[in-house]
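Descriptive structure summary
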Amino acid sequence: MAEQPAATPTSPMQKPQASRSRDLSAHGSNAPSPVRPSQLRPPPARKPVPALPQSYRLQHPRKSHRRCCCSGGTCCCYTFLVLIILFILLGVTACFFVLWYSPEVPVFNLLSLHFRRFNVTDGPDGSTLSAQALIAVEVRNPNNNLRLNYGTTELDLSTDGVDLGQGRVPPFMQGRKNTTVLRITVETKDLLLESGKARRLQSGFATKSLLLQADIWTGIGLGIQDWRTWKAAVEVRCSDIRMKQVERGVVPKCKLKLFKWYAMNFLFLIF
């Protein structure tokens, strides 16, 4: 009697092939197959984005903190218009002032020049000069309607580049159509000189052929009734003064710088 093969034992964890095929037919052919854990893939790692250079970054325009005082430039136009009107009024006032008052330049004349002392002394260190002179300057106001207000007046006397001294007079007021004589004393003591220049000065003084020059600095303001302006600096020069001519009564005229005078008249209208 032939032996029959032993039946293969069936594992309890495995289903029979027939039952598995039945399950597939029952769920249909489109049912997804179960995914094993080994088949799951992790998400790809993110790559770091490189930072852009400073020059390639988007520059946001900064908001300006300036604010226009008025929209559309209206205030600027009004301001410009007001300035034009002020300048026109100032010009009209200047024309009226010149036509009505006719301001004239004050006149300076050197009336006299007298040396009280002029000594040249030779010493071990060189020659020295000691001199003292009295100068009379005439100041005339030719204006009919304007007074002149003078500040401190200073006078400097020189000859051949040598300073012979300085003098000054206090401030004063000059009325309309008035003439004032200023008497100024200048003095220098023990002024060291070269021997050659000292001899020339001594010889010129003895022959009265010295060529002198007087420079005057002062401040002049205008006045109308109780209205006074500030004083403008004025320079007056009296040059080519010879001792012989002054002793004979020749009055050398002095020149006043006219630009400062006209500038003073213009500023008179503003202030």
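All values derive from a computational prediction rather than experimental measurement.

Definitions and limits used
- Residues numbered from 1 in each chain as written.
- Predicted model: local features only at pLDDT ≥ 70, side-chain atom pairs only at ≥ 80, totals over all residues.
- Heavy atoms only, no water.
- Helix = DSSP H or I, 4+ residues; strand = E, 2+ residues; numbered from the N terminus.
- Buried < 20%, exposed > 50% of the residue type's maximum accessible area, 1.4 Å probe, protein only.
- Contact = heavy atoms within 4.5 Å.
- Expected span 1.5 Å × (residues − 1).
- Arc of directions from axis to C-beta.
- Pairing = 2+ DSSP bridges.
- Patch = residues over 30% accessible without salt bridge, like charges linked within 9 Å, V, L, I, M, F, W, Y side chains within 5 Å.
- Areas by Shrake-Rupley, 256 points an atom, 1.4 Å probe, with all protein chains shown as cover.
- Salt bridge = Lys/Arg side-chain N within 4 Å of Asp/Glu carboxyl O.
- Disulfide = S-S within 2.5 Å.
- pLDDT = per-residue confidence, 0-100.

Brief notes about the overall build of the protein chain
Scanning the protein chain from terminus to terminus reveals five helices and 11 strands. For the protein chain, the residues scored as buried account for 31% of the 271 residues in total. Summarising the internal contacts of the protein chain: among those between residues at least 6 apart in sequence, 69% fall at separations of at least 24.

Concerning helix H3 (residues 195-207)
The periodicity of an α-helix, 3.6 residues per turn, causes residues three or four positions apart to be oriented the same way. Taking 1.5 Å per residue as the helical rise, H3 with its 13 residues ought to reach 18 Å, and the 19 Å between its terminal C-alpha atoms agrees with that figure. Turning to H3, its buried residues are Ala 198, Leu 201 and Gly 204. Projected down its long axis, H3 shows its buried positions confined to an angular sector of 130 degrees, all on one face. For H3, the exposed residues set more than 90 degrees away from the buried face come down to Arg 199 and Ala 206. Contact partners of the buried residues in H3: strand E1 (107-123), strand E2 (126-140), strand E4 (153-159), strand E5 (162-169) and strand E7 (179-193). Following H3 by one or two positions, Lys 208 adopts a phi angle in the positive range, close to 55 degrees.

Some words on the pairing of E4
The buried fraction of E4 amounts to six of the seven residues, a majority that puts the element mostly inside the structure. In textbook terms, the turn of a hairpin is the stretch between consecutive antiparallel strands, and for E4 and E5 this stretch comprises two residues, one of which, Asp 160, has a positive phi near 55 degrees. Where E4 and strand E8 (residues 211-224) come together, six bridges link them in antiparallel fashion. The residue of E8 that forms the bridge with Leu 155 is Ile 216.

Side note on a nonpolar patch on the surface
A surface patch of nonpolar side chains, amounting to about 690 Å² of accessible area, comprises Leu 81, Val 82, Leu 83, Ile 85, Leu 86, Phe 87 and Leu 89. Assignment of secondary structure puts Ile 85 in helix H2 (residues 74-101). Residue classification places Ile 85 among the partly exposed residues on the basis of a relative accessible area of 43%.

Digging into the state of the cysteines
Counted according to the given criterion, the structure contains one disulfide. Two residues share a disulfide in this structure: Cys 238 and Cys 254, whose sulfurs sit 1.7 Å from each other. Residues Cys 238 and Cys 254 are joined by a disulfide whose S-S torsion is about 105 degrees; by sign, that bridge is right-handed. Linking Cys 238 in strand E10 (residues 232-242) with Cys 254 in the loop between helix H4 (243-247) and strand E11 (255-256), this pair joins segments that are 16 residues apart in sequence.

Observations regarding the pairing of E8
Within E8, 11 of the 14 residues are buried, leaving the element largely enclosed by the surrounding structure. Where strand E3 (residues 147-150) and E8 come together, four bridges link them in antiparallel fashion. Looking at the pairing, Asn 149 lines up with Gly 221 of E8. Pairing of E8 with E10 involves nine bridges; the strand directions are antiparallel.

So, unusual backbone geometry
Located in the positive-phi region is Lys 208, a residue other than glycine, with phi close to 55 degrees. Among the secondary structure elements, Lys 208 is positioned in the loop between H3 and E8. According to the relative accessible area criterion, Lys 208 is partly exposed, its value standing at 34%. Positive phi, normally seen in glycine, also occurs at Asp 240, with a value near 55 degrees. For Asp 240, a relative accessible area of 54% translates into the label exposed.

Quick look at the pattern of salt bridges
The final tally for this structure, using the stated rule, is seven salt bridges. The salt bridge partner of Arg 200 is Asp 160, with a shortest N-O separation of 3.7 Å. Of the two residues, Arg 200 is situated in helix H3 and Asp 160 in the loop between E4 and E5; the sequence distance between them amounts to 40 residues. Within this structure, Arg 117, Glu 187 and Lys 189 form a network of salt bridges that share partners.

Quick word on the confidence of the model for the protein chain
Summarising the model, the protein chain shows a mean pLDDT of 76, and 66% of its residues fall at 70 or more. For residues 1-29, every residue scores under 50 in pLDDT, and the model assigns this stretch two contacts once sequence neighbours within four places are set aside. For the stretch residues 64-68, pLDDT sits under 50, and the model shows zero contacts to residues farther than four places along the chain or on other chains.

Side note on the environment of Asn 149
Structurally, Asn 149 can be placed in strand E3. Note on Asn 149: relative accessible area 12%, which makes it buried. When the C-alpha atoms of Asn 149 and Gly 223 are compared, they prove to be 7.0 Å apart, with 74 residues separating the residues in sequence. If we skip the residues at most four places from it in the chain, Asn 149 touches Phe 172, Met 173, Gly 219, Ile 220, Gly 221, Arg 228 and Lys 231.

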